[in-house]
Amino acid sequence: MLKVDLDALRALGMALTATADSVGSLDPVAPIAAAADAMPNSAFGAVARSAAIPTLAAYRGVSVHIREMSSASLVSADSYEDTDRAFRDQLMRLNADRR
């Protein structure tokens, strides 16, 4: 028998939403640029500077994926609940028909 803790699934979805918001708010561009500026004649500084935008894009991408996991958790909780309700209603109709 499949048992699902709907409250835990919804809590997971909400926690993942908060995590996605946190990750999405990270902006590594300024710290990376500051590190690059601290090494003006260094090859490493130039490489660091070129990594700023791809790093920002990576954070944004991770945030999107975490948000998708959150959505899947919340939708799954609703789907399980809807399925359980429909199954219960069908059983009640079948039992009523037997009488």
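Placed above this text is the structure.
So, here's what we can say about the structure.

About the criteria used
- Residues numbered from 1 in each chain as written.
- Predicted model: local features only at pLDDT ≥ 70, side-chain atom pairs only at ≥ 80, totals over all residues.
- Heavy atoms only, no water.
- Helix = DSSP H or I, 4+ residues; strand = E, 2+ residues; numbered from the N terminus.
- Expected span 1.5 Å × (residues − 1).
- Buried < 20%, exposed > 50% of the residue type's maximum accessible area, 1.4 Å probe, protein only.
- Arc of directions from axis to C-beta.
- Contact = heavy atoms within 4.5 Å.
- Polar contact = N/O pair within 3.5 Å; in protein donor to acceptor, adjacent residues only side chain to side chain.
- Salt bridge = Lys/Arg side-chain N within 4 Å of Asp/Glu carboxyl O.
- Axes fitted to C-alpha atoms, helices over the stretch in contact; angles between N-to-C directions.
- Parallel < 35°, antiparallel > 145°, perpendicular 65-115°, else oblique.
- Left-handed = near helix turned anticlockwise from the far one by under 90°.
- Nonpolar A, V, L, I, M, F, W, Y, C, P; charged D, E, K, R; others polar.

What follows covers helix H1 (residues 6–25). Here H1 contains 20 residues, and its C-alpha end-to-end distance of 29 Å stays within 8% of the 28 Å for a straight helix at 1.5 Å per residue. Along H1, the residues classified as buried are Leu9, Gly13, Leu16, Ala20 and Val23. Along the long axis of H1, the arc covered by the buried residues comes to 95°, so they all point the same way. Residues Asp7, Met14 and Ser25 are exposed on H1 and point more than 90 degrees away from its buried face. Tucked inside the fold, the buried residues of H1 contact helix H3 (43–98). For H1, the N-terminal capping position is held by Asp5, with its side-chain oxygen 3.2 Å away from the main-chain nitrogen of Asp7.

Turning our attention to the pattern of salt bridges. Scanning the model with the defined rule gives six salt bridges in all. A salt bridge links Arg10 to Asp78; its shortest N-O distance comes to 2.9 Å. In this pair, Arg10 sits in helix H1 while Asp78 sits in helix H3, placing the two residues 68 residues apart along the sequence. Look at Asp78 and you get partly exposed, because its relative accessible area is 38%.

Another aspect to go through is the side chain of Ser70. Among the structural elements, Ser70 can be located in helix H3. Overall, Ser70 belongs to the buried group, its relative accessible area being 2%. When near neighbours in sequence (up to four residues on either side) are disregarded, Ser70 contacts Gly13, Leu16 and Thr17.

On to the packing of helix H2 (residues 29–37) against H3. Between H2 and H3, the least distance of the axes is 8 Å, while the angle of their chain directions is 175°. As summarised for this structure, H2 and H3 are arranged roughly antiparallel, according to the angle between their axes. Listed contacts from H3 to Val29, Ile32, Ala33, Ala36 and Asp37 of H2 are Gly45, Ala48, Arg49, Ala51, Ala52, Ile53, Thr55 and Leu56.

In this section: H3. Helix length check: H3 (56 residues) gives 82 Å between terminal C-alpha atoms against 82 Å at 1.5 Å per residue, within 8%. Contact partners of the buried residues in H3: H1 and H2. Where H3 begins, the side chain of Ser42 points an oxygen toward the backbone nitrogen of Phe44, at a separation of 3.0 Å.

Let us look at the packing of H1 against H3. Between H1 and H3, the least distance of the axes is 8 Å, while the angle of their chain directions is 165°. The angle between the axes of H1 and H3 places the two elements in the roughly antiparallel class. In terms of crossing hand, the pair formed by H1 and H3 is left-handed. Grouping the constituent residues of the contact of H1 with H3 by class yields 14 nonpolar, eight polar and six charged.

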